[in-house]
Structures are given as structure tokens and as C-alpha cells.
Amino acid sequence: MARPLGAVRLKKANPFCVALGGFIFIFVVFFLFSSPTSTSTPSAQSPHSASLKRSKAPPVTRYNLNNVTITPDPVANREAVLVLTPMSRFYQEYWDNLLKLSYPHDLITLGFILPKTKEGNAATAELQKRVVEVQKGPEGNRFAGIVILRQDFEPAITSQDESERHKMENQKARRSVMAKARNSLLFTTLGPLTSWVLWLDADIIETPPTLIQDLASHNKPVLVPNCFQRYVDSDTGKPGERPYDYNNWQDSETAQKLAAKMGPDEILLEGYAEMGTYRPLMAFMETEKGGLHDEVPVDGVGGAALLVKADVHRDGAMFPPFAFYHLIETEGFAKMASRLGWQAYGLPNYRVYHYNE
Ligand code: GDP
Ligand code: MN
């Protein structure tokens, strides 16, 4: 038979346990309600801890995207630019060039994503040092904001040597990881006030200081300059320049026919003898007498340096990490932008320079 539930008899409490319990209680209360320390970063605060601190109703902020202008004169119109860089290595030359950009720094937000590898850790440490220096330095050099992300997925290949990176069999996996890195960076940093996104690889070490103004002046949804590389001729010892990025191309019938025979997950690649696409490459479209600002339409783009109107990304154009019309990453992005009604262009005579390993 069940006994009726009577009053529960408590054993007499041990004074030591009472003291310990009290101490733990005070400790917990202190941590729940104490203000965050000055070293805490936004990423370290969980939404849960943020909600505990909220006493008033959360604010509602309205942004009218029609008021965010995207014009050929972005300096006069105080348009915000997001400079996005996937970074596996830190190059001082990249950083020096970035600081020399003459676009008002208070209108520029920088965003970086770095892999969680030994190299990525070293690059993060270097980057953080430089970021602190510039943000504490002269006011005119400081940027509006800087975001550093660490990748939450594995890098495709651990070796970043050029020969290993460019092997054809490594391309699909590598480009897919690069696409995910770019998408993570884009989707976590694009804000309601962003007018332009400048994609700038970490190994672009030389550009005109007016890069952003020059590219924006064309008023194109997607615009890519020509990426070259300086070198010293091993025979003559003379310095020269050679095309580096073959991902800026115009489509060809041959490439279309190759694609038509491919399986759904297969991708076309540019710059490999095994896969002759016969696409006209912007790398070789320079004209002797051509103007710096001559434009050509392109169907594929590289991401080494690339200016995109923020609306193109807002419309949904991203970097497919899968075969999209048999294209991947930045080349797939140009295709996606075009399917959304935004045509990409290139400037064959406007050069930016890639690091030479
Ligand atoms: P390539 O010039 O076409 O050979 O391409 P890179 O290897 O230079 O890669 C393009 C950009 O992405 C550079 O800024 C690299 O520093 C960066 N990068 C390369 N691999 C990774 C990676 O695994 N994760 C991230 N976050 N960035 C990477
Ligand atoms: Mn590169």
C-alpha cells in the first residue's frame, strides 16, 4: 500500500555543505550578471548570453535598400565598400598595397577568411598584428571595420605550393573549398549598407591605388581587371610581365560541346592542355593602342581582383561549390550573375599583379 506523501524530513544540514553551496551560488550569479570583459569578441558571445543581458525591448532597425546608392562616383556619394580576401598566406606586399588604396578608408570594411591549418594559423597571427597597428594608427588610415573569420571546414589540399595547387586532378576539390570559403565570407559580412564588394586575393601585391574608384567608374555589375605577374627572365635577366589569371574568358563553341558531353558533376577548367576549350582569354586580349579603360564582355571571371555591385550578391549570385553549368567557384559565379541578368565585363589593359613564388 502506498504511503501518503507527508512532510519530507530533512536531515540536519552539514554546515560545510551549506557554506560550499552558498559560495557556488554567489559564483554563478556573479558570472551571469557581471558585464562582459573588454577582451571579449563578438564571436565569443553566444546569442543566449546576449539575451540574458537584454532588459529593454530589442531595437528594430530599418534599412531602405533603395537609399543605398551604387554609382560610378562612389567617393562623392560616400558608398560603403566591402573588401573580401580569402587568405591562406600573409604577404606583406598585399597588406602594403591594401593600405595604399586611396578610397576613403572610413568607407571600407575588410573581411578575411583563413583556413585552420598551420599556415593559416601563422597568417592569422600576422594579419592580426597588422590590423591592430593600422586601427590604432593615424585616423585617416583606419578602416570602418575589420572581420577575421576562421574556416570551419577542411582545406582541400594541405600544400599551398603552386605546382600542387594547379594540378588538374586537385582542381575540383580545391575550387569547391575556395567557393565555400568565399561564400562563408560573403554571407557573414555583406551588410545592409554595402554598395560594392571588392574581391581581392591575398597574393595580389600591386594595383593602382585608385583601383576601387577606377573599377567603379565603369558602372558594371561585375568587372574584372587583368591579373598579371612580374618575373625575371632566367636567360636574359630582364624583368617582364606575363598573364597570370586564365579564368577571365569568353565562352566558345568548343567549350560548350565539351560541356554537353560531360556528366552532371563534371567541370570545365581553363588553362589545361588536356582540356582544350578554345575560349578567348582576356589575359591575351590586351591591345597595343588600347585604352586603359577598354571593356570586353566576359562569361567567366577569376576572383584575384573583382569588383561586384552588392546588389548582384544580394540577388543571390554566389560561388557555386558544385558544378553549375559545368562551372565552379568564380567562373560559376559569373554564370550565376548572368542568369540573374547581370553581365560581367573585363578590362584587358588594366593590370593588377599576382605574387611570384
Ligand atoms: P591561384 O592564384 O589561382 O593559384 O589561387 P590561390 O591558391 O592563390 O587562392 C586564391 C586565394 O584564396 C588566395 O588569396 C589564397 O590565399 C586563398 N586560399 C587558398 N586556399 C585557401 C583555403 O583553403 N582557405 C582560405 N580561406 N583561403 C584560401
Ligand atoms: Mn593566387
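Described below are features of the structure shown in this document. Everything quoted here is computed from the prediction, not taken from an experiment.

## Digging into the pairing of strand S6 (residues 222-232)
Part 1 of the argument: In terms of residue burial, S6 counts as a mostly covered element, since eight of its 11 residues are buried.
Part 2 of the argument: Pairing analysis gives eight bridges linking S6 to strand S10 (residues 344-354), with the strands arranged parallel. Counterpart to Val222 in the pairing with S10 is Ala344.
Part 3 of the argument: As paired strands, S6 and strand S7 (residues 239-243) are joined by five bridges and run antiparallel to one another. Residue pairing for S7: Val232 is matched across the bridge by Pro239.
Part 4 of the argument: Turn length for the S6-S7 hairpin, with the two strands adjacent in sequence and antiparallel, is six residues, and the turn residue Gly237 shows positive phi of about 75 degrees.

## Considerations on the pairing of strand S4 (residues 194-200)
Part 1 of the argument: Within S4, seven of the seven residues are buried, leaving the element largely enclosed by the surrounding structure.
Part 2 of the argument: The pairing of strand S1 (residues 80-86) with S4 spans five bridges and is parallel. The residue of S4 that forms the bridge with Leu84 is Trp199.
Part 3 of the argument: In terms of strand pairing, S4 meets strand S9 (residues 305-309) through five bridges, oriented antiparallel. The residue of S9 that forms the bridge with Trp199 is Leu306.

## Observations regarding the site of ligand 1
Part 1 of the argument: Surrounding ligand 1, one finds 19 residues, the nearest of these being Pro86, Gln151, His166, Ala202 and Asp203.
Part 2 of the argument: Pro86 is positioned with one of its backbone polar atoms (N or O) 2.6 Å from an oxygen atom of ligand 1.
Part 3 of the argument: Take Gln151: an N or O atom from its side chain is 2.6 Å from a nitrogen atom of ligand 1.
Part 4 of the argument: Look at ligand 1: alone it shows 560 Å² of surface, and the protein chains cover 90% of it.
Part 5 of the argument: Among the elements of the structure, strand S2 (108-114) and helix H6 (171-189) are those that each provide at least two residues to the shell around ligand 1.

## Let's talk about the packing of H6 against helix H10 (residues 329-339)
Part 1 of the argument: Interhelical geometry of H6 versus H10 gives an angle of 60 degrees and a closest axis separation of 8 Å. One element, H6, and the other, H10, form an angle in the oblique class. Within the contact between the two elements, H6 uses Arg175, Met178, Ala179 and Arg182 and H10 uses Glu329, Thr330 and Glu331.
Part 2 of the argument: A class-by-class count of the residues in the contact of H6 with H10 yields two nonpolar, one polar and four charged.

## Details of helix H3 (residues 92-100)
Part 1 of the argument: Every buried residue of H3 is listed here: Tyr94, Trp95, Asn97 and Leu98. For H3, the arc enclosing every buried residue in end-on projection is 165 degrees, short of the 170-degree limit, so these residues lie on one face.
Part 2 of the argument: Of the surrounding secondary structure, the elements contacted by the buried residues of H3 are S1, S2, helix H4 (118-136), S4 and strand S5 (204-206).

What counts, and where the lines are drawn
- Residues numbered from 1 in each chain as written.
- Chains lettered and ligands numbered in written order.
- Predicted model: local features only at pLDDT ≥ 70, side-chain atom pairs only at ≥ 80, totals over all residues.
- Heavy atoms only, no water.
- Buried < 20%, exposed > 50% of the residue type's maximum accessible area, 1.4 Å probe, protein only.
- Helix = DSSP H or I, 4+ residues; strand = E, 2+ residues; numbered from the N terminus.
- Pairing = 2+ DSSP bridges.
- Near = heavy atom within 4 Å.
- Polar contact = N/O pair within 3.5 Å; in protein donor to acceptor, adjacent residues only side chain to side chain.
- Areas by Shrake-Rupley, 256 points an atom, 1.4 Å probe, with all protein chains shown as cover.
- Axes fitted to C-alpha atoms, helices over the stretch in contact; angles between N-to-C directions.
- Parallel < 35°, antiparallel > 145°, perpendicular 65-115°, else oblique.
- Contact = heavy atoms within 4.5 Å.
- Nonpolar A, V, L, I, M, F, W, Y, C, P; charged D, E, K, R; others polar.
- Arc of directions from axis to C-beta.

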